[in-house]
Amino acid sequence: MTLQQEIVGNAMQMAVVNLRPGQTVYCEAGKFLFKTVDVTMETRLSGPSQGGGQQQSGSGGMGGLLRQAMGTAMQVGQRMLAGESLAFQYFTAQGGEGTVGFAGVLPGEMRALELDGTRAWFAEKDAFVAAESTVDFGIAFAGGRTGTSGGEGFVLEKFTGHGTVIIAGAGNFIDLNPADFGGRIEVDTGCVVAFEEGIQYGVQRVGGLDRQGIMNAVFGGEGLSLATLEGNGRVILQSLTIESLANALKKAQGGDKQGPTGGLFSTHAG
């Protein structure tokens, strides 16, 4: 069943989800806003792929419990390495319909993605807000070379299964398909919000080690790398990066860490 939800608001959007009796939605800890009294809330370490959306029947005996515990420990360990929340909060409508509200942590847009089981979606760290219990949340590693070169994108959130997943980002969203632009687009590494499975994600150096390449890296504000997205599929970008927002706030407080030229002269510690 498709999750009944509505994205409301402008500069700081939130998702209002209407649950049918017995329907469950889960979110990352810290994204919950409000709920009606007929919705129960439970915090668990296990994700929906380990039965997080519903209670296990208890079959399998001691071996089944051990396998479940080991699976949960591995999942929590992955989330720790990725810097994600260790726990999920589950909301279930009991005795009737219920309503739950969720929001991201930055001023910006939200988007509801519909998974039909044929394609996974990947999102940048912290983009996940909430999803149906039929959607599995996982961690994907883009590869050591990509992550080290780009500074961002080493850790990705991965969503599989069937149902609705809600993501959030900073600023405004724009939807693109690299196939409409010759099959490849290059963007600031901090502007990538999410993309469909089938899109090849990588990081490349900005220019060569010539005069213009050095000018781009030192004075251009992008550092040494750009994200590359290739293939045929949906890509969601955001107009505001976390680093630019942090630098703007520090500048407003009299502590500009960007420096007069940006780029490699930036002293932002991240």
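Model, not experiment: these values are computed from the prediction.

### Concerning the overall build of the protein chain
Helix and strand counts for the protein chain stand at 4 helices and 18 strands. Evaluated residue by residue, the protein chain yields a buried proportion of 45% over its 270 residues. Considering only contacts within the protein chain whose residues lie at least 6 apart along the sequence, 78% involve residues at least 24 apart. Accessible surface, the protein chain: about 13400 Å² in total, of which carbon and sulfur atoms supply 55%.

### Regarding the environment of Ala15
Looking at where Ala15 falls in the secondary structure, it is placed in strand β2 (residues 14-19). A residue is classified by how much of its surface remains accessible, and Ala15, at 0% relative accessible area, is buried. Along the chain, Ala15 and Ala112 lie 97 residues apart, while their C-alpha atoms are 8.8 Å from each other.

### Description of the sheet that holds strand β1 (residues 4-8)
The strands making up a sheet associate through backbone hydrogen bonding, with each pair oriented either parallel or antiparallel. Read from one edge to the other, the open sheet built from 4 strands follows the order β1-β2-β7-β4, with strand pairing classed as antiparallel. Edge strands, defined here as strands with exactly one partner in the open sheet, are β1 and β4 (32-35). Neighbour to neighbour, the strand axes of the sheet diverge by 20° on average, direction disregarded. Relative to strand β7 (residues 98-103), β4 runs antiparallel, the two being bridged by 3 bridges. Paired with Phe32 across the bridge in β7 is Phe102.

### Considerations on the nonpolar core
In terms of nonpolar packing, the biggest core is built from 21 residues, with Tyr26, Phe128, Phe159, Val165 and Ile167 touching the most fellow members. Sort the elements by how many residues they give to this core and strand β12 (residues 155-168) lands first, with 4 residues. Once residues within four sequence positions are removed from consideration, Phe128 is found in contact with Tyr26, Cys27, Glu28, Lys31, Phe88, Phe137, Glu157, Phe159, Val165 and Ile166. Of all hydrophobic cores here, the second largest spans 16 residues; its members include Cys27, Ala93, Met110 and Ala130.

### Topic: the sheet that holds strand β16 (residues 200-205)
Taking strand neighbours across the sheet as the criterion, the 3 strands line up as β14-β17-β16 in an open arrangement whose pairing is antiparallel. If you trace the sheet from one side to the other, it starts and ends with β14 (184-187) and β16, each paired once. Across this sheet, the average inter-strand angle for adjacent strands is 30°, counted without regard to direction. Both β14 and strand β17 (residues 225-230) contribute to a ladder of 4 bridges, which runs antiparallel. Residue Arg184 lies in a different strand from β17, and its bridge partner there is Glu230.

### As for unusual backbone geometry
A positive phi angle, near 80°, is found at Asp126, a position not held by glycine. Relative to the elements of secondary structure, Asp126 occurs in the loop between β9 (121-124) and β10 (128-132).

### A look at the side chain of Thr241
Structurally, Thr241 is set in the loop between β18 (235-238) and α4 (242-252). By relative accessible area, Thr241 is classed as buried at 12%. When near neighbours in sequence (up to four residues on either side) are disregarded, Thr241 contacts Asp188, Gly190 and Cys191.

### Focus on the environment of Val135
Topologically, Val135 is positioned in strand β11 (residues 135-141). Each C-alpha atom of the pair Val135 and Thr164 lies 7.1 Å from the other, and the pair is 29 residues apart in sequence. Sequence-distant contacts of Val135, that is, excluding residues within four places in its chain, are made with Tyr26, Pro48, Leu115, Phe159, Thr160, His162, Gly163, Thr164 and Val165.

The rules behind each value
Residues numbered from 1 in each chain as written. Predicted model: local features only at pLDDT ≥ 70, side-chain atom pairs only at ≥ 80, totals over all residues. Heavy atoms only, no water. Helix = DSSP H or I, 4+ residues; strand = E, 2+ residues; numbered from the N terminus. Buried < 20%, exposed > 50% of the residue type's maximum accessible area, 1.4 Å probe, protein only. Contact = heavy atoms within 4.5 Å. Areas by Shrake-Rupley, 256 points an atom, 1.4 Å probe, with all protein chains shown as cover. Pairing = 2+ DSSP bridges. Axes fitted to C-alpha atoms, helices over the stretch in contact; angles between N-to-C directions. Core = buried A, V, L, I, M, F, W, Y, C linked by side-chain atoms within 4.5 Å.

Remember that the coordinates give geometry; whether it matters functionally is a separate question.
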